[in-house]
Amino acid sequence: MEKWKIRKGDFVQVISGKCAGERGEIVSVDRKRRKVFVRGVNIVSRFKKPTAGDPGGIVKKEAGIDVSNVAFIDAEFGRPTKIGFKIDENGKKVRYAKLSGNVIK
């Protein structure tokens, strides 16, 4: 399995596709299909059948975006940046933003 640099909870910007330029937080990740689901981005309408506890109807929800079409937003500069890995002073492998050099929590 490949190592992804993008994780759930990261603030990202869509860099290509119909939602290019939109920003949001990653809600979930589907590694099998290489998709990320970003809050408030790529909204689609789906019909849901009614059940005993739910009236059903048309539901709006986020659709998946390919992981290659999103870029991490650096908190310091507010711009998309690449992510790298380095070893910190405690000997732990951490992610860092290449634009500012800050460690990503």
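The preceding data block contains the structure.
Residues numbered from 1 in each chain as written. Predicted model: local features only at pLDDT ≥ 70, side-chain atom pairs only at ≥ 80, totals over all residues. Heavy atoms only, no water.

1. What to know about the nonpolar core
Residues I6, V36, V38 and I65 are the most contacted members of the largest nonpolar core, which totals 15 residues. Breaking this core down by element, the ones donating at least two residues are strand 1 (11-14), strand 3 (35-38) and strand 7 (70-73). The residues contacting I65, other than those within four sequence positions of it, are V14, R34, K35, V36, V38, V41, N42 and V70. (Core = buried A, V, L, I, M, F, W, Y, C linked by side-chain atoms within 4.5 Å. Buried < 20%, exposed > 50% of the residue type's maximum accessible area, 1.4 Å probe, protein only. Helix = DSSP H or I, 4+ residues; strand = E, 2+ residues; numbered from the N terminus. Contact = heavy atoms within 4.5 Å.)

2. Observations regarding the packing of aromatic side chains
Within the structure shown, the criterion is met by zero aromatic pairs. The positively charged end of K86 is found above the aromatic ring belonging to Y96, 4.9 Å away from the centroid. Directly above the ring of F85 sits K93, whose terminal nitrogen or CZ lies 4.8 Å from the centroid. (Phe/Tyr/Trp six-rings, centres within 6.5 Å; stacked < 30°, edge-to-face > 60°. Lys NZ or Arg CZ within 6 Å of the ring centre and 35° of its normal.)

3. Thoughts on a positive patch on the surface
On the surface, K3, R7, R31 and K93 cluster together to form a positively charged patch. The topology assignment puts R31 in the loop between strand 2 (23-30) and strand 3. (Patch = residues over 30% accessible without salt bridge, like charges linked within 9 Å, V, L, I, M, F, W, Y side chains within 5 Å. Areas by Shrake-Rupley, 256 points an atom, 1.4 Å probe, with all protein chains shown as cover. Salt bridge = Lys/Arg side-chain N within 4 Å of Asp/Glu carboxyl O. Lys, Arg positive; Asp, Glu negative; His and termini not counted. Charge placed at Lys NZ, Arg CZ, Asp CG, Glu CD.)

4. Regarding the environment of K8
When you line up the elements, K8 lands in the segment before strand 1. Look at K8 and you get exposed, because its relative accessible area is 64%. Separated by 57 residues in the primary sequence, K8 and I65 place their C-alpha atoms 13 Å from one another. Residue contacts for K8: discarding those within four places in its chain leaves I26, V27 and V29.

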